[in-house]
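Below, each chain spelled out in residue letters.
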Amino acid sequence: MSNGKQENIDPATIEAHPTKEFFITMLTRDLSLKDAIGDLVDNCVDGARALSPDNYSGFEIFIDYDDTKFKIRDNCGGIDINTARNYAFRFGRPTGFTGVKGSVGQFGIGMKRSLFKIGKEFSIISNAEESSFKLDVDVEEWQKTSEWEFKLKDYTENKKNLQARGTEITIQKLNKDVKSDFNNSLFLTSLKADLELENTYPLSKGLTIKINNIPLKKRTLEFSYSEVIKPAFEEYKHGLVSVKIVAGVGEELLEDGGWYLFCNGRLVLGPEQTHITGWTGGRGTSDGGPKYHGQYMRFRGYVFFEADDASLLPWNTTKNGVDYDSAVFKQARQKMINIMKPVITFLNKMKEEREGDTSEKDMFLKKQMEGTQRVNVATILDSQANLAKYTTKIFQSPSPPLRPVPKPTDVTISYKIPKVDADRGKRHLNTTSNKALGEFSFKYFMEMEVDN
Amino acid sequence: MSFRKINYKLRPAKTVERKMITESFRKLSAFNHISDYQYIGFGSIYFVDFVLFHKHLGIKKMISIEKDANAQSRVEFNKPFSCIDMHFDTSSNVLPKLELDRPSIIWLDYDGKLSTDCLSDLSTTCSNLAPGSVLMATLNVQAESIINIAKDEKQEEGDDDEIYVSVGKEEIFEHRLKILEEQISRYKIPADIEAKDLTPNGLPKLIARILENEISSALDTRNLGLDDTEYLYFKQLYNIKYEDGAAMLTFGGIIVSADQLDTFDSANFFELPYCTPEKDAFHIKIPNLTTKEVVLLDSQIHEAYDFKDLSLKAIPKPLKFINSSEIKSYAEIYRFYPTFTESIW
């Protein structure tokens, strides 16, 4: 095929513009539906944070879905029209853009990616302080055009907006997999559990989130604490990132044991029970502790990474994991491993005690655990006075009284000898038992050859 | 549990090593008052190192780790000073619990061979030790004897007639490598390992390299979060080999921050011939000499040995009846040559 235009193309130039279809596929490829919804919630939370960093009461997020549409609505301030023009709907974050301090949305792809993931038609209505806009996008139509643009439907700007502030996003023409998840009643349960965990901090600061009118409960992160069993606390700065690590013991729940990693208050990983957070097992690349299993279910560790510029935090773009190679995380991981080792030792000793021949009433460590009370992490981190009261630098646990380990007194020796020799030996001893022959010959050897 | 097997006081090379190390610690005064250091070691029931460092260096904060809980009352009885704080547990359980943010001297004097736990002890301590602290480990570095390898091969083949069968270089290498891989994981063994690295001459060097890798890797991670002036370096001081039976290696050094590098240079550790930054170990060899010979050697030592070049000069006539290699070995350690006498109390 030839046309006039092609002749003008430099033969040394390769056309490399991405197609929109490729772009959307790549963007949504590694994103799960729950992470997509989580990302939309993060945007709402950032809105609340911008208005009132320390107290989210009065802010509400409503998520409603059925098998035809998905809707998320909030009263968290709305998207300013300039933010929409320059940032919110652009792919990638323009250099020099300053977002909300300490925000959880940072990569400049979160919202778009989530919208594409869920459906093929979306509509956004936003009412900010001095502007408002409405945007309708039919993704299939948009894919056919060559321009990388979205057109606002209605907008007002530079005048006081009398509407209640907030954002409402409706997504229709749901993607097939999404529709099937929305039809599954278990999906709601697991979405709720995930969002509760991810938003532990915003929920504890008074935020309301409802899914299909069911309110999310705030999860409490707790430690067992007493005068002799205290969690360890370490705080330091890595460049502009401040890091807090708290680790100790908690309730006996297998699925809750492990490390929890938060970036600007958003849980990105946890409970984490693999080599990523130091459960490496004794061998292999073994720079950590043992592999996670039942005896460590009391272990609790919480790491809080905080930075005004969220791009410095060690999370991945889907916010469901850490950036394993980042210096911030590598350094934290080394400290986490150090801080967890004494806890592991304590839990090992509890296991020894349980499985040893100690009678129930003599179980020293078990009694010590029974003497603990629960304390919330939020309480611990609340003030310097509480940190001093509830934590120590290195995990504290009482040592059980030393008990001599009984040494085995008898051992079994076995070896093979030719049958003819054994028969001759037994005849000589006037016995038919191999055992008797063995014992006699060993006794003879000891008497004749080994000093007493 | 080697204290039941061997009396630590009667190991001549070990005795010499301890005295050398004590002397070298005096140089730590460039960093801190020596008496401000804490000492962490494995005192066993003899506490020889504890007594030396207490009496010669004035160290008063001392921690001894004893893995044998059964020995508790015996250890407490033998503890020479009440300032020694005992921890009855394995070193890998105790070390993470210790506060290492003051200048410390840690001597992990393992009896046994290199293991995963040793490496984990090194990384635990390195990720916490304060700058100016000393970390050392002593390990058995005896290579697997080729006679044992030949015997093993024989058993596998079930050949009753020959006691030893010939084994090739490759089989010896594979066998020794397998043993090392059982001790530590293959992820810790340098990728460029060759047969000669596992021979009696090569193994001490290989193990020193594995220990240094572990230390550096822990410091590298720690450095990720530090400013340029706080950046931490491991400066090797000790790479000492000796045999009181099995081949032993003491490997260690000091952790210094970037702003202590000048202090480290001015401390001039390497004027001591037994302190070395090199890959080749300083070898303590103890010649067997009578008391009369020792007196003679001392009287002629300046004629026989050049202390500047660390080499033998022409052997003076009165010493002709002593082997020249023994004269050299003696000269290298004569200040520390131990005298053992029997005494009746």
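What counts as what
- Per-chain numbering applies: the sequence of each chain, read as written, is numbered from 1 onward.
- Chain labels run from A onward and ligand labels from 1 onward, assigned in the order the entries are written.
- Two thresholds apply to this predicted model, a pLDDT of at least 70 for residue-level local features and 80 or more for giving and counting side-chain atom pairs, whereas whole-chain, interface and lining totals are computed over all residues.
- The helix count covers DSSP runs of H or I at least four residues long, the strand count covers runs of E at least two residues long, and both are numbered beginning at the N terminus.
- Comment: burial labels come from other C-beta atoms within 10 Å of the residue's own C-beta, placed from the backbone, where a count of 20 or more is buried, 12 or fewer is exposed, and between is partly exposed.
- Throughout, a pair of residues is in contact if the C-beta atoms placed from their backbones lie within 7 Å.
- The pairing criterion for strands is at least two bridges between them, as found by DSSP.
- Axis angles are defined between N-to-C directions and span 0 to 180 degrees, where every axis is a line fitted to C-alpha atoms and, for a helix, only to the segment in contact.

Before going further, it helps to examine the overall build of chain B. Each helix and strand in chain B was counted, giving 11 helices and 10 strands. Across its three principal axes, chain B shows a C-alpha extent of roughly 65 × 55 × 45 Å. Looking at the 345 residues of chain B, the share that counts as buried comes to 35%. Within chain B, contacts between residues separated by at least 24 positions form 65% of all contacts whose residues are at least 6 apart in sequence.

The next thing to look at is the environment of A:Arg424. Residues and elements named next belong to chain A. Mapped onto the fold, Arg424 is located in helix H14 (residues 419-429). Note on Arg424: 12 C-beta atoms within 10 Å, which makes it exposed. In this structure, the C-alpha to C-alpha distance between Arg424 and Gly47, residues 377 residues apart in sequence, is 94 Å.

For the rest of this paragraph, the subject is the pairing of strand S4 (residues 131-138) of chain A. Residues and elements named next belong to chain A. As paired strands, strand S3 (residues 119-127) and S4 are joined by 7 bridges and run antiparallel to one another. Counterpart to Glu121 in the pairing with S4 is Asp138. The turn joining S3 and S4, which pair antiparallel and follow one another in sequence, is formed by 3 residues. Note that S4 and strand S5 (residues 152-157) share 5 bridges and pair antiparallel. The residue of S5 that forms the bridge with Ser131 is Glu157.

On to the sheet that holds strand S3 (residues 84-88) of chain B. All names here are of chain B. Spatially, the 8 strands line up as an open sheet ordered S3-S2-S1-S4-S5-S7-S6-S8, and their pairing is mixed. Looking at the sheet topology across the chains shown, the edges are occupied by S3 and strand S8 (282-284). Strand-to-strand twist in this sheet, taken as the mean axis angle between neighbours without regard to direction, amounts to 15°. In terms of strand pairing, strand S6 (residues 232-243) meets strand S7 (residues 247-257) through 11 bridges, oriented antiparallel. Note that in S7 the partner of Gln236 across the bridge is Gly253. In the packing of helix H5 (residues 116-126) onto the sheet, contacts are made with strand S4 (104-113) and strand S5 (133-140), and the angle to S5 comes to roughly 180°.

Residues and elements named next belong to chain A. If you trace the 5 strands from one edge of the open sheet to the other, you get S10-S11-S14-S12-S13, paired in mixed fashion. Looking along the sheet, the strands with just one partner apiece sit at the ends: strand S10 (232-238) and strand S13 (266-272). Here the average twist between neighbouring strands, direction ignored, is 10°. Pairing of strand S12 (residues 258-263) with strand S14 (residues 299-306) involves 6 bridges; the strand directions are parallel. Bridge pairing links Tyr260 to Tyr302 in S14. Across the face of the sheet, helix H10 (residues 327-355) comes into contact with S10, strand S11 (241-249), S12 and S14 while running at roughly 15° to S11.

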